Structures are given as structure tokens and as C-alpha cells.
Amino acid sequence: MIKPTGFTTRIIHTPYAKEDANRALHQPIYSNAAFDFESAEQMEMAFQGRLPVHTYSRISNPTVENLELRIKQITGALNVTALSSGMAAVSNVIFMLASTGSNIIASKHLFGNTLVFFESTIKDFGIEARFCDLTNEEEIKSNIDANTVAIFVETITNPQLEVVDLKHLAHTAHSQSIPLIADTTLTPPNVFTAKDFGIDLEVISSTKSISGGGTSVGGLIIDYGIFDWSKSKKLAPLAKRFGPYAFNYKLRREVFRNLGACLSPFAAYLQSLGLETLQLRFEKAANNCRELAEYLLSLPQVKQVNYPGIKGSEFYTISKQQFGRFPGAMLTFDFSTKEECFTFMNNLELIRRATNVYDNKTLILHPASTIYCDFDRDKRESLHVRETMLRLSLGIEDLEDLKSDLEQALSKL
Ligand SMILES: *Cc1c(COP(=O)(O)O)cnc(C)c1O
């Protein structure tokens, strides 16, 4: 019996949890809420968790489970939970580990909604986010105390595109008995294997590349089962009973089901389908990104180009070590003024003005006036969100067409 080793083969040939009654080659969409039981005894066992069956689709569902199994297969995780969005994954993870009085260490360089969740939403529950430079070990250590429950990092920050040494960060976290959570949305599992870098919990917005390119909103929590949960104040009692499964037990039997942010079976179907072509699409988009970064660099009107995959980037070497040949498919570049940015955007004919990343279509936006419009100028500057900067997320179009669009938009500047 061949044991598939390739990324895409493993996804496509992940067995269903149970054989399908009709031998359907794609996992059918189970769009039902409840599941039937043969007897009261069986129902009791299912509710106690002693029978591995589905009871109600907010808690688990066969179509969603199939997506979870595929992610488990390619990541080598102990447990995977699919949720309704990337933000649901982020918020569930934090509510799992933190209580009133806890603190979390993170960089300020975060996805916009995650930043506001940390600065404001959890603050209302008495949970503090301590922002520090995650490239500075001393600063991290001096912020950690007995109430620190996690370090949270994004593998490539958006839109700064900063990359930290993740093995080193994991070592720092573990030396203080703290788990490392990484949002790896910008480095999908075909280019980045979180487990090899000591990441304990991975969160992903599957809305992005996994969905097939912006087909639906979804999120994932990937639990590697490596962290010793007896070191977590909140999970220590469960760690005695469940060992490495302590996190998953509380997540599935309490936090995830009670917050109710489950993924719809239809979205799970789309995302499972998207996952099958992830590698093909992402490599093309990342290649487009590198080529266009080089092209933009050669233009006199462009003041700077930021992409970890070009030699001039201060993150080139570390990105190559961590993400190989495809360090993301998003770049930023600067003109001299905001007006130039707007004119350029308005001149584009093929590239779309939209706020998503890793769609199949190439998307552009001006971060300062959109995602960061609620922040004042000083705050934006402290986040390195410049008025003169544009963010370009590469799709899978043919390179020559993208180049032509950039060329014609520039010629009219
Ligand atoms: C989009 C995104 C999120 C949030 O995901 P949603 O699916 O939109 O909720 C979180 N982190 C990163 C890095 C993202 O790009």
C-alpha cells in the first residue's frame, strides 16, 4: 500500500471519518442541524463523549470534520477545530487560555481586528495585552510575569511584513513555561510547517488562501499537543486527566460550543475544495509576487518595495529559512504622496480595489485610509502604516497581464 507523502496527494486522499453510504468522491454537504439515535443509551453515551458520533452541527458536523481531518493530515496536529472565521479562531484561543487578570504578550504589528480585539475587547474582561518588540528577547522576558498566559505572533505581519525568528521565539516562550500561538494566515501550511518551529497553537484565517481564494469566511485552530498544559494555571486541572488533550477537551466541550462560532457545512465544503488546489495556487501567487516586487523596484516613481522574498529585505534570510521559496504573496510599495497612491489605484483596470488577501484575483488597497482609518496619524505612524504606502495581494492571474496593468496605470500618473 502506497503511503502518500506529497502535500496535495495527502489532502486529496484523506479518508473520511466514516465511509460514505453512496461512496461519493467528494464529502457531501451535511446541511442538517441534528442527528438521529437508535436508542436512549446511545444518545447518553454520545453526550458523554464515549461514542464518536455527531449530535448537533454547532458542536460537530461530518462535512466540517472532513476539512478538519485534511488539515490534521497535512500539519501533523493532534487536534484541529474549524470555526466561522479567522477572528473566531483568534478569540476562541484567547478565551481558552486567559482569565481576568491574565496578560498576553504580542507585537503591535497585528492584523487590524486582532489589534483592536487585544487593545479593547479583552481589556473589558480584565485581560491585558502587553505589546512589545518580538524580535527583542530581553523586552519579551521583562514583560512576562506569573499571569502571562501566551505569546501571540503573526508569521508575516500585515502590512509591515515583519518576520521574527520563530524557533527562537518558541524557545523564549517555553523557557518561561508559556505557549506560543502563531497566526500563520500569510504563510499557509504548504510553505510553513508550524510544528517544526515549536509553535504550540496555530490559528489561520481559512478565508484567505485555503478557501480557494476568497470563496467563504472561515478559521482554524490547530493544536499540536506539545505544550505541557500542567504549566497553565487554567488548564492544569484538566491536564491531570487528559494530558496533551486538555486544551482540546475544554475547547470542544466548552469554549467553542458555547461561543457558537461554528463553520457552516457549506463553507467547509468550499474550503475543503479550496485546500485541494492550495499548493498550485499559492506557488503561482507567490511567484507573481516576487516577480512584481522586482519589477516595482526597478521603477523610478516607486520609492520603496517591501517583500520578504527579495534580497534587499532585512527579513530575506530568516524568511527563506522559515518559509522556503514562497514567503507570502503580498507586498507593499510606496509612492511619494497619498494623492499619487489614489491616482494609481484609480488607474488600474484589472487589479481590484478590495480588502482581502490571497484571493485568486490581485487586490490593492491603501491601508492608512481604510483598515487603519479609525486610528489617528500618530498611531498609524507607530504601526508603520505610511500615508504613501499601498498593499498589493497577488492573485493567480498571468504575470504579463498584471505587469501590463501596472504599466498602464503608471504611465498615466
Ligand atoms: C484576515 C485575517 C484574519 C481574520 O480572519 P477573518 O477570516 O477575516 O476573520 C486574521 N489574521 C490575519 C493575518 C488575517 O489576514
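Residues numbered from 1 in each chain as written. Predicted model: local features only at pLDDT ≥ 70, side-chain atom pairs only at ≥ 80, totals over all residues. Heavy atoms only, no water.

1. Comments concerning the domain arrangement of the chain
Split by domain assignment, the chain resolves into domain 1 (7–30 + 61–275) and domain 2 (278–411). Taking only C-alpha atoms, the centre of domain 1 and the centre of domain 2 are 26 Å apart. The partner domain 2 presents 35 residues to the 38 residues of domain 1 that form the contact. At the boundary of domain 1 with domain 2, total buried surface from both sides reaches about 2900 Å², with 62% on carbon and sulfur atoms. For the interface between domain 1 and domain 2, the tally reads 1 salt bridge. (Domains from an automatic or database assignment. Contact = heavy atoms within 4.5 Å. Buried area = accessible area lost by both parts, 1.4 Å probe. Salt bridge = Lys/Arg side-chain N within 4 Å of Asp/Glu carboxyl O.)

2. Concerning a negative patch on the surface
Taken together, Glu291, Glu294, Glu400, Asp401 and Glu407 make up a surface patch of like negative charges. Elements that contribute at least two residues to the negative patch include exactly helix 11 (278–297) and helix 15 (399–411). For the negative patch, the element with the most residues is helix 15, which contributes 3 residues. Tracing the chain through its elements places Glu291 in helix 11. Classification of Glu291 as partly exposed rests on a relative accessible area of 36%. (Patch = residues over 30% accessible without salt bridge, like charges linked within 9 Å, V, L, I, M, F, W, Y side chains within 5 Å. Areas by Shrake-Rupley, 256 points an atom, 1.4 Å probe, with all protein chains shown as cover. Lys, Arg positive; Asp, Glu negative; His and termini not counted. Charge placed at Lys NZ, Arg CZ, Asp CG, Glu CD. Helix = DSSP H or I, 4+ residues; strand = E, 2+ residues; numbered from the N terminus. Buried < 20%, exposed > 50% of the residue type's maximum accessible area, 1.4 Å probe, protein only.)

3. Considering the packing of helix 11 against helix 15
Packing of helix 11 against helix 15 brings their axes to within 10 Å, and their N-to-C directions diverge by 30°. Between helix 11 and helix 15, the angle falls in the class roughly parallel. In this structure, helix 11 crosses over helix 15, and the sense of that crossing is right-handed. Taking contact as the criterion, the partners of Asn288, Glu291, Leu292, Tyr295 and Leu296 in helix 11 are, on helix 15, Leu399, Leu402, Lys403, Leu406, Glu407 and Leu410. Here the contact of helix 11 with helix 15 is built from residues that sort into 7 nonpolar, 1 polar and 3 charged. (Axes fitted to C-alpha atoms, helices over the stretch in contact; angles between N-to-C directions. Parallel < 35°, antiparallel > 145°, perpendicular 65-115°, else oblique. Left-handed = near helix turned anticlockwise from the far one by under 90°. Nonpolar A, V, L, I, M, F, W, Y, C, P; charged D, E, K, R; others polar.)

4. Here's the deal with the sheet that holds strand 12 (residues 389–393)
Reading across from one edge, 8-9-12-11-10 is the order of the 5 strands in this open sheet, with mixed pairing throughout. Only two strands of the sheet have a single neighbouring strand rather than two, namely strand 8 (304–306) and strand 10 (352–353). Across the sheet, helix 11 lies against strand 8 and strand 9 (330–334), angled at about 10° from strand 9, the strand it touches most. Contacts from helix 13 (residues 338–347) reach strand 9, strand 10, strand 11 (363–365) and strand 12, with the element oriented near 30° to strand 12. (Pairing = 2+ DSSP bridges.)

5. Considerations on the site of the ligand
Taken together, Ser85, Gly86, Met87, Phe111, Asp183, Thr185, Ser205, Thr207, Lys208, Val217 and Gly218 make up the full set of residues near the ligand. Contact between the ligand and Met87: an oxygen atom at 2.9 Å from a main-chain N or O atom of the residue. Between a nitrogen atom of the ligand and a side-chain N or O atom of Asp183, the distance comes to 2.6 Å. Expressed as a share of its isolated accessible area of 380 Å², the protein-covered part of the ligand is 90%. When atom positions are compared with the pocket grids, the ligand is found to occupy the second largest pocket. In terms of residue class, the shell around the ligand is built from 3 nonpolar, 6 polar and 2 charged. (Near = heavy atom within 4 Å. Polar contact = N/O pair within 3.5 Å; in protein donor to acceptor, adjacent residues only side chain to side chain. 1 Å grid on protein atoms, 1.4 Å probe; cavity = no way out; pocket = protein on both sides within 12 Å on 5 of 7 lines; lining within 4 Å. Sits in = over half its atoms within 2 Å of the grid points.)

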